[in-house]
Amino acid sequence: MSLKDAFIAEQKHESGLTQKILERVPLDKKEWKPHEKSMTLGRLATHVAEIPHWISDIIHIPHYDFMKHYTGAHTASSSEELMKIFREKLDKANQDLAQASDETFNRQWVVGQGEKIIYQLPVKVAIRGWGMSHLYHHRGQLSVYLRLLDVPVPGMYGPSADESM
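Treat the numbers as computed from the prediction; the structure is a model and nothing was measured.

Student: So what about the packing of helix 1 (residues 3-22) against helix 7 (residues 123-148)? Which residues, and what values?
Tutor: Across the interface, helix 1 lies against helix 7 with an axial gap of 11 Å and an inter-helix angle of 15°. The angle between the axes of helix 1 and helix 7 places the two elements in the roughly parallel class. Viewed along their axes, helix 1 and helix 7 form a crossing whose handedness is left-handed. Together, Leu-3, Phe-7, Glu-10, Gln-11, Glu-14, Leu-17, Thr-18, Ile-21 and Leu-22 of helix 1 and Lys-124, Ile-127, Arg-128, Met-132, Leu-135, Tyr-136, Arg-139, Leu-142, Ser-143 and Leu-146 of helix 7 make up the contact between the two elements. Residue composition of the contact of helix 1 with helix 7, by class: 11 nonpolar, three polar and five charged.

Next comes the structure, spelled out in structure tokens:
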């Protein structure tokens, strides 16, 4: 299996798990947060939905400059909008992965802020970290938010206290 096919297969598997948790987010409580330093529920859920865009950005923007490319934080206003964001970003990421070559995966990706270089990684490592592990990390945070709001938490890699597999 090629690297791009492995990434696409993982995305397809994980997207079902991500969809399960995003569908449970009570956006009527989107301003809630567990701590003053935490993101709001709505912003965190939207962030999870948006994260697949990193795969596209990593493939298409060899030097990502936060001062130039970052467009600001958005919060979905409804569950429909949240799921639309997720589906659009995921579909675009999978299309971009399908068109990527081995040469693309082996080139360097640089992320910075103005003149400051934050990271320089091979594209294949950046996709794994920024595009996938990043999503799984925030999806885990989102599960804690749901628990604190007494919303049943779906099982991800096995059963949860609220859902058997």
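Next, the rest of the story.
Student: Can you break down the sheet that holds strand 2 (residues 108-113) residue by residue, with the values?
Tutor: Strand pairing in a sheet takes place through backbone hydrogen bonds and is either antiparallel or parallel in direction. The sheet built from three strands is open, its strands ordered 1-2-3 with mixed pairing. Each having just a single partner strand, strand 1 (63-65) and strand 3 (116-122) make up the two edges of the open sheet. The mean angle between the axes of side-by-side strands here comes to 15°, regardless of whether they run parallel or antiparallel. Judged from the three bridges that link them, strand 1 and strand 2 form a sheet pairing that is parallel.

Student: Go over the pattern of salt bridges, please, and point to the residues and values.
Tutor: In this structure the tally under the stated criterion is nine salt bridges. Lys-84 is the partner of Glu-88 in a salt bridge, and the nearest nitrogen-oxygen pair spans 3.6 Å. Of the two residues, Glu-88 and Lys-84 both sit in helix 5 (residues 79-99), four residues apart, roughly one turn of that helix. You can call Glu-88 partly exposed: its relative accessible area is 45%. The exposed category is assigned to Lys-84, whose relative accessible area is 51%. A salt bridge links Arg-87 to Asp-91, with the nearest nitrogen and oxygen atoms 3.7 Å apart. Residue Arg-87 and its partner Asp-91 are located together in helix 5, separated by four residues, close to a single helical turn. Here Arg-87 falls in the partly exposed class, since its relative accessible area comes to 33%. Judged by its relative accessible area of 33%, Asp-91 falls in the partly exposed class. Here the residues in one salt-bridge network are Lys-20, Arg-24 and Glu-163, joined through shared partners.

Conventions used here
Residues numbered from 1 in each chain as written. Predicted model: local features only at pLDDT ≥ 70, side-chain atom pairs only at ≥ 80, totals over all residues. Heavy atoms only, no water. Axes fitted to C-alpha atoms, helices over the stretch in contact; angles between N-to-C directions. Helix = DSSP H or I, 4+ residues; strand = E, 2+ residues; numbered from the N terminus. Parallel < 35°, antiparallel > 145°, perpendicular 65-115°, else oblique. Left-handed = near helix turned anticlockwise from the far one by under 90°. Contact = heavy atoms within 4.5 Å. Nonpolar A, V, L, I, M, F, W, Y, C, P; charged D, E, K, R; others polar. Pairing = 2+ DSSP bridges. Salt bridge = Lys/Arg side-chain N within 4 Å of Asp/Glu carboxyl O. Buried < 20%, exposed > 50% of the residue type's maximum accessible area, 1.4 Å probe, protein only.

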